[in-house]
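Architecture at a glance
These are the residues of each chain, in order.
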Amino acid sequence: MSLRAQFTRETSNAALPLIAFCIALNLTVGQITGALKIPIYLDSIGTVLAAVLVGPIAGILTGTFANLLASATGSPTMAFFIPVVVVIGFFTGYVARLGWFRKWYLVVVGGLLQGVIAAACSAPISAYLFSGVTLAGTDFLVLYFRSVGNNLLESVFYQGLASDPIDKLITYSVVFVLLRSLPKRITSRFSGASNLPSNNGAP
Amino acid sequence: MAHRVILESFSYQYPGQVTPALADISLAVPKGQCCALLGPTSAGKTTLLQSISGILHKHHASGFASGKIVIGDESYAPLPEEIQFPKIAYALQDPYVQISGVRETVLDEIRFTLENLGRWDSSTDDSILSLLRHLGIDHLAERKPTTLSGGETQRVALATILIAEPDVLLLDEPLTALDYVAQDRLSDLFKGIKERSTILFTDTHMEFALAVADVIVVLEKGRMVFSGDRKGLLDHIDSFESILPSHQWKELIRTVKVSQGPEATEAILKAMETI
Amino acid sequence: MRIESKNVSFSYPGGPDVLRDLSFAIESGEFLLLVGQNGAGKSTLLKLLNGLLKPTHGSISIGELDTRHHATPLLAGHISVTFQNPADQIFASTVREEVAFSPTNLRRANARELTEKALALCNLQSVASHHPYDLPQAQRKLVTVAGALAAGTTFLAFDEPTAGLSQIERSVLDQMVTHLLNEGRGFIVVSHDLELFFRHATRVAVLSRGGLTFTGKTRELIESGTVLEEAGLRLPTSFQIKRRLKLP
Amino acid sequence: MRLDLKSKLASVFFLWVCAFTLDWPVNATLILLAILLRYVVPGFRPTSQRAARSIVAFMSYSTLIVLIVVSLNAVLLPGGDVLLIVGGIGFHESGALFGLRTACRLVLLSLSVLLFFASTPIREFIRFLQGTGFPPQLGLVLLLTLHFLEQLPDRINQIFAAQEARGSPVRANVVSRARAFVSILFPLVLSSISESIDRGQALELRGFLGQGQMPVFENRRSDTSLLTMSLILLSIALIILRILNWLIA
């Protein structure tokens with residue numbers, strides 16, 4: 001199936017506003033975690049939500065547009081990580097289609113695996129473009145891994161391994177609980193409805 | 001040109017439901033008239049509008065429909081399967097959702113409809129402005145739609161579909177966001193566009209319908225329990241307490257009936273016209 | 001218990017006054033109906049009552065508590081406020097869970113009992129295990145009202161509780177208010193729905209451009225004639241017809 | 001000099017090619033030139049105060065980046081002369097050069113992206129995309145996103161207030177706050193998903209993508225200018241030179 005045909009198949013008219021909301025959610029969820037002082041990012045929650053509820057293409061679009069808009073509004077470096085969010089969107093949409101969002105233990109496996117994959121994808125970008133510097137607290141981790149004798153790429157990857165799986169695990173779990181609590185009447189309007197547990201929303 | 005709307009023993013059942021949402025509805029709205037569909041929550045009012053507009057079948061293709069819907073000279077058995085815009089225009093209940101939000105000014109928001117229809121060119125701006133004037137919102141043309149008040153938003157939402165000059169206009173609970181002043185304006189507007197469009201609107205109680213409707217239909221649990229004119233409705237109002245606006249109305253009708261006898265409904269309608 | 005507002009003014013930082021010099025008081029067992037045009041500052045007043053906003057001048061007290069010195073979660077134990085678009089706050093996957101949110105947060109010992117009573121008063125028992133989003137919008141609104149009742153507070157404050165409701169849900173609210181007033185609870189209700197709430201209001205306040213232009217009994221307001229029109233409002237149609245037909 | 005979006009995009013592309021093909025002294029010069037660009041070329045002038053501030057913020061941020069990247073690499077990559085020793089830690093030449101190369105490349109890449117978006121309103125960019133055959137659905141998604149980005153902060157504040165009024169533990173310990181997080185995120189997502197169904201219907205009901213009709217957009221197609229062409233040719237030449245250079249070495 002061509003990309004365009006696949007997209008048209010995935011996106012009912014309700015999906016377009018949903019994707020737009022998910023992009024905006026990626027960019028604003030920090031407002032909630034910030035106000036509540038919870039130490040997590042969850043900045044791919046919209047991507048995962050769109051990928052599960054609509055499909056892989058929607059996940060890719062959500063991630064790409066979110067990073068594009070983030071770089072347009074003051075964090076230009078976000079644009080370089082678009083390949084990473086493309087992989088996140090596609091991987092999530094794909095495993096959701098395999099039924100991984102129907103059982104909690106598969107969600108845990110998926111989240112951790114997604115974290116490893118995300119770390120592996122962002123490591124080369126981070127290493128070659130930024131030489132591992134992102135001006136976040138995690139820079140000290142990179143520094144530590146390098147000082148114990150790893151090369152730059154390895155160090156950046158290990159640093160990613162220390163934070164990404166946890167973040168993606170939380171993201172996956174939140175989306176899982178969220179979608180499980182949605183009534184069938186609503187989820188059935190999206191093409192990813194079959195990715196969800198069949199008993200969802202039942203009294 | 002306004003079109004007539006006729007339903008002949010129309011029934012509809014949503015996929016996966018055991019009871020029909022609409023059962024055996026027959027009604028006729030002559031062209032250029034205004035029909036009020038009244039009834040409490042979940043009476044089937046929205047489903048009725050959606051079946052006429054064509055969106056019902058599009059979203060629940062496996063639902064079961066029977067009977068016949070006639071719009072103008074075209075007859076659908078049982079219901080239109082595609083959205084009939086711009087012949088039939090349907091405005092959702094929530095005006096904030098009706099306005100797309102993808103355009104920066106009210107003027108652009110209304111252009112968006114014409115762009116979708118492939119009808120927009122620089123000359124159509126004049127007709128947009130004259131529509132806005134007609135709705136009393138021409139001063140808002142350059143405003144951002146999200147900064148408007150509830151009543152203003154409602155009128156912009158209406159303009160987004162009126163610009164297509166529909167033959168049939170379907171409005172789902174257009175009164176929810178309106179205060180008294182805006183309600184008066186809406187009733188004037190209805191009178192102004194009846195020549196062009198047949199109107200069907202829903203409401204939970206009868207007050208506004210008594211002021212504007214030529215045909216009144218009362219639905220309860222998917223069944224039609226009344227169809228007639230204003231006088232008929234008031235004469236039989238005891239049977240449909242669910243559409244009375246308040247207890248005061250109930251008392252009012254009772255006392256007027258006691259004091260004026262058979263003239264009671266006439267007296268109430270006359271008094272309403274002077275308000 | 002008593003809520004008292006003394007010369008309260010409020011403005012957002014750097015903005016003009018939204019509310020000016022408001023003084024009123026309400027005892028438990030009373031019903032204050034607050035009317036006024038959109039943008040008159042009614043919603044701001046509700047946020048002042050539970051301490052989400054603090055007055056720039058004057059003070060509001062809920063019983064012994066001055067709202068300036070206490071945080072919202074504490075004040076929420078005495079007054080429950082629901083806002084105009086309450087459907088936005090629904091998050092649980094059953095009606096019962098949603099209604100139980102307040103009493104659980106407030107650590108009420110009888111949380112279960114409060115929840116069931118609130119469900120009963122709002123006529124929601126038969127749908128208590130449904131998903132809130134499976135209910136029609138009007139009934140979903142009753143869920144949020146029930147959520148406020150379940151908090152078990154002395155005072156209840158609602159913003160436009162009847163908007164979008166049909167007569168069926170309105171009469172549920174009607175009976176609920178009657179019941180709770182008899183129990184000695186106090187109400188502060190912002191509403192355009194004069195027909196429903198005139199019956200209950202022990203006092204009516206008219207808010208116009210941030211100031212109170214009238215406070216008094218319902219009857220006085222109806223007889224005063226021009227106060228409502230000056231605030232951009234008018235008497236319900238049934239009252240006007242009655243007047244036209246010269247009925248008592 | 002008036003610049004259309006095509007030549008602006010070509011400039012960004014050109015700067016990206018430079019960043020990857022040329023050495024750091026050239027890149028550093030280009031960074032300085034790029035900063036000047038916003039004063040010299042009207043097309044690159046920031047469109048708002050906020051955009052101008054973001055450039056200033058980025059410049060101070062990137063100065064910090066350059067310093068950190070250079071010193072980190074100088075410390076961690078031994079090789080070449082030792083430039084200086086501070087507190088027993090040596091700064092090596094080859095590491096410093098590697099750091100300079102990375103830092104200049106990074107800053108040039110980011111700066112060109114920032115300059116483009118600071119001087120181009122996003123809506124204008126979307127209109128440009130639509131004019132070049134970008135699918136109308138995607139344009140709609142982007143425009144709707146801008147709408148949501150404006151609305152969501154208010155919406156979050158409203159939900160926050162409503163849940164706080166119900167005694168939600170927004171200021172308690174981490175576990176309780178995590179519960180409060182659910183009570184804010186879930187209503188936001190739940191109502192938005194349900195609203196997106198209605199929004200989708202409203203779009204259909206206004207004829208969006210209906211009956212095979214395509215939306216008409218203002219015809220903004222402009223001819224590719226000489227400037228655009230030469231920038232692209234120059235970029236291609238740089239890439240070819242670089243590859244040749246690499247093959248010979």
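Worth saying up front: this structure is predicted, and the values here are computed from it rather than measured.

Comments concerning the overall build of chain D
Each helix and strand counted, chain D has eight helices and two strands in total. For chain D, the sequential pattern of α-helices and β-strands runs α-α-α-β-β-α-α-α-α-α. What you see for chain D is a C-alpha radius of gyration of 25 Å, clearly larger than the 18 Å of a compact globule of 249 residues, by over 25%. Burial status across chain D gives 51% buried among its 249 residues. For chain D, contacts bridging at least 24 residues in sequence account for 65% of all contacts bridging at least 6. For chain D, the accessible area works out to roughly 11800 Å², and carbon and sulfur atoms hold 66% of it.

Looking at the overall build of chain C
Looking only at helices and strands, chain C features 11 helices and 10 strands. Counting only C-alpha atoms, chain C reaches 50 × 50 × 30 Å along its principal axes. Within chain C, buried positions represent 60% of all 248 residues. Residue pairs in contact within chain C that sit at least 24 positions apart in sequence constitute 65% of those at least 6 positions apart. Accessible surface, chain C as shown: approximately 9800 Å² in total, 48% of it carbon and sulfur.

Considering the interface of chain C and chain D
Facing 19 residues of chain C, the contacting portion of chain D comprises 20 residues. A buried area of about 1800 Å², summed over both sides, lies between chain C and chain D, and 58% of it is on carbon and sulfur atoms. Summed over the shared surface of chain C and chain D, the result is one salt bridge. Between arginine 166 of chain D and glutamate 98 of chain C there is a salt bridge whose closest N-O contact spans 3.0 Å.

Some points on the sheet that holds strand β8 (residues 186–190) of chain C
Residue and element names in this part refer to chain C. Across the sheet, which stays open at both edges, the six strands sit in the order β6-β7-β8-β3-β9-β10 with mixed pairing between neighbours. Looking at the sheet topology across the chains shown, the edges are occupied by β6 (79–82) and β10 (211–216). Going from strand to strand, the sheet's axes swing by 15° on average, the running direction of each strand aside. One ladder, built from five bridges, connects strand β9 (residues 203–208) with β10; its direction is antiparallel. Residue leucine 207 lies in a different strand from β10, and its bridge partner there is leucine 212. Strands in contact with helix α7 (residues 167–182) are β3 (31–35), β7 (155–159) and β8; relative to β8, the strand with the most contacts, it is inclined by about 145°.

Some thoughts on empty space enclosed by the protein
Residues and elements named next belong to chain B. Using the criterion set out here, one finds nine cavities of 30 Å³ or more in the structure. The calculated volume of the largest cavity comes to roughly 100 Å³. Lining the largest cavity, in full, are Ala91, Leu92, Pro95, Gln98, Gln154, Ala157, Leu158, Leu171, Asp172, Glu173, Pro174 and Leu186. Looking at the lining of the largest cavity, the elements with two or more residues in it are α3 (95–98) and α6 (150–162). The leading source of residues in the lining of the largest cavity is α6, at three residues.

Regarding the interface of chain A and chain D
With 55 residues of chain A at the contact, the number on the chain D side is 60 residues. For the pair chain A and chain D, the interface holds zero salt bridges. Taken together, the connections running from chain A to chain D amount to three residue pairs in polar contact (both at pLDDT 80 or more). Of all the secondary-structure elements, those providing two or more residues to the side of chain A that touches chain D are α1 (3–10), α2 (15–36), α3 (45–53), α4 (56–72), α6 (104–130), α7 (139–147) and α8 (152–180) of chain A. Taken together, the residues of the side of chain A that touches chain D break down into 40 nonpolar, 11 polar and four charged.

Thoughts on the pattern of salt bridges
All names here are of chain D. Summed over the entire model, instances satisfying the criterion amount to 33 salt bridges over all chains. The residue glutamate 150 makes a salt bridge to arginine 123 at a minimum N-O spacing of 4.0 Å. Separated by 27 residues along the polypeptide, glutamate 150 in helix α6 (residues 136–165) and arginine 123 in helix α5 (residues 122–131) bring together distant segments of the chain. One salt bridge connects glutamate 195 with arginine 155, and the closest N-O pair in it is separated by 3.4 Å. Of this pair, glutamate 195 sits in helix α7 (residues 174–205) while arginine 155 sits in helix α6; the two residues are 40 residues apart in sequence, bridging distant segments of the chain. Here glutamate 195 matches arginine 155 in class, with each residue buried.

A word on the nonpolar core
Membership of the largest hydrophobic core comes to 102 residues, with the highest contact counts inside it found for Leu200, Met206, Leu233 and Trp249 of chain B. The contacts of methionine 206 of chain B, once residues within four sequence positions are left out, are Leu38, Leu233, Leu234, Ile237, Ile243, Leu244, Pro245, Trp249 and Ile253 of chain B. Leu18 and Ile38 of chain A together with Leu146 and Leu152 of chain D belong to the second largest nonpolar core, which has 86 residues in total.

A short note on the environment of threonine 124 of chain B
All names here are of chain B. As for its placement among the helices and strands, threonine 124 is situated in helix α5 (residues 124–134). Residue class for threonine 124 comes out buried when judged on its relative accessible area of 14%. For the pair formed by threonine 124 and alanine 157, sequence separation is 33 residues and the distance between their alpha carbons is 18 Å. Discounting residues that sit within four places of it in the chain, threonine 124 has contacts with Leu114 and Arg119.

Examining the sheet that holds strand β1 (residues 2–11) of chain C
Residues and elements named next belong to chain C. Strand order across the open sheet formed by four strands is β2-β1-β4-β5, with antiparallel pairing between neighbours. Across the chains shown, the open sheet's two edge strands, defined by having one partner strand only, are β2 (17–27) and β5 (65–66). Judged from the seven bridges that link them, β1 and β2 form a sheet pairing that is antiparallel. From the neighbouring strand, valine 8 faces β2, where its bridge partner is leucine 22. Sheet strands touched by helix α1 (residues 42–49): β1, β2 and β4 (57–62). Its angle to β2, the strand with the most contacts, is close to 60°.

Thoughts on unusual backbone geometry
Omega for the peptide link from alanine 77 of chain B to proline 78 of chain B comes to 0°, which places this bond in the cis form. Considering the arrangement of structural elements, one finds proline 78 of chain B in the loop between β5 (74–76) and β6 (88–91). Following phenylalanine 85 of chain B, the chain continues into proline 86 of chain B via a peptide bond in cis, with omega recorded as 5°. Within the secondary structure layout, proline 86 of chain B lies in the loop between β5 and β6. Despite not being glycine, leucine 42 of chain A has its phi angle at roughly 55°, a positive value. In this structure, leucine 42 of chain A sits in the loop between α2 and α3.

A few points about the domain arrangement of chain D
Partitioning chain D into domains gives domain 1 (1–120 + 220–249) and domain 2 (131–218). For domain 1 of chain D versus domain 2 of chain D, the separation of C-alpha centres amounts to 36 Å.

Points about α8 of chain A
All names here are of chain A. Along its 29 residues, α8 runs 41 Å from first to last C-alpha, staying within 8% of the 42 Å computed at 1.5 Å per residue. Taking the largest bend as the criterion, α8 deviates by roughly 35°, centred on leucine 161, and proline proline 165 comes between one and four positions later. Between the side-chain oxygen at the start of α8 and the backbone nitrogen of leucine 153 there is a gap of 3.1 Å, and the oxygen is on asparagine 151.

Structural notes on the environment of leucine 30 of chain D
Residue and element names in this part refer to chain D. With respect to the helices and strands, leucine 30 occurs in helix α2 (residues 24–40). Residues leucine 30 and cysteine 104 lie 74 residues apart in sequence; the distance between their C-alpha atoms is 9.4 Å. Those residues within four positions of leucine 30 in sequence are excluded, and the remaining contacts are Leu15, Cys18 and Leu108.

Concerning the pairing of strand β8 (residues 198–203) of chain B
All names here are of chain B. The buried count for β8 comes to six of six residues, which makes it a mostly enclosed element. Of the two faces of β8, both are covered, the one formed by Thr198, Leu200 and Thr202 as well as the one formed by Ile199, Phe201 and Asp203. Bridge analysis of strand β3 (residues 34–38) against β8 gives five bridges, and the strand direction is parallel. Paired with cysteine 34 across the bridge in β8 is isoleucine 199. Summarising the sheet, strand β7 (residues 168–171) and β8 pair through four bridges and their orientation is parallel. Among the inter-strand pairings, valine 168 is bridged to a residue of β8, identified as threonine 198. As for the winding sense of the linkage, the β-α-β connection from β7 through helix α7 (residues 180–193) to β8 is right-handed.

A word on the side chain of arginine 105 of chain D
Here arginine 105 of chain D shows up in helix α4 (residues 93–119). An unpaired buried charge is present at arginine 105 of chain D: no salt bridge exists, and aspartate 23 of chain D, the closest side chain of opposite charge, is 8.2 Å distant. A polar atom in the side chain of arginine 105 of chain D sits 2.6 Å from the backbone oxygen of tyrosine 128 of chain A. Residues within four places of arginine 105 of chain D in sequence aside, it is in contact with Tyr128 and Leu129 of chain A together with Ala19, Phe20 and Asn27 of chain D.

Here is what the cut-offs are and how they apply
- Residues numbered from 1 in each chain as written.
- Chains lettered and ligands numbered in written order.
- Predicted model: local features only at pLDDT ≥ 70, side-chain atom pairs only at ≥ 80, totals over all residues.
- Heavy atoms only, no water.
- Helix = DSSP H or I, 4+ residues; strand = E, 2+ residues; numbered from the N terminus.
- Rg over C-alpha atoms; globule rule 2.2 N^0.38 Å.
- Buried < 20%, exposed > 50% of the residue type's maximum accessible area, 1.4 Å probe, protein only.
- Contact = heavy atoms within 4.5 Å.
- Areas by Shrake-Rupley, 256 points an atom, 1.4 Å probe, with all protein chains shown as cover.
- Buried area = accessible area lost by both parts, 1.4 Å probe.
- Salt bridge = Lys/Arg side-chain N within 4 Å of Asp/Glu carboxyl O.
- Pairing = 2+ DSSP bridges.
- Axes fitted to C-alpha atoms, helices over the stretch in contact; angles between N-to-C directions.
- 1 Å grid on protein atoms, 1.4 Å probe; cavity = no way out; pocket = protein on both sides within 12 Å on 5 of 7 lines; lining within 4 Å.
- Points joined across faces, edges and corners; volume = space filled by probe spheres on them.
- Polar contact = N/O pair within 3.5 Å; in protein donor to acceptor, adjacent residues only side chain to side chain.
- Nonpolar A, V, L, I, M, F, W, Y, C, P; charged D, E, K, R; others polar.
- Core = buried A, V, L, I, M, F, W, Y, C linked by side-chain atoms within 4.5 Å.
- Domains from an automatic or database assignment.
- Expected span 1.5 Å × (residues − 1).
- Bend = angle between axes of the 7 residues up to and from the residue.
- Right-handed = clockwise from strand over helix to strand, strands pointing away.
- Lys, Arg positive; Asp, Glu negative; His and termini not counted.

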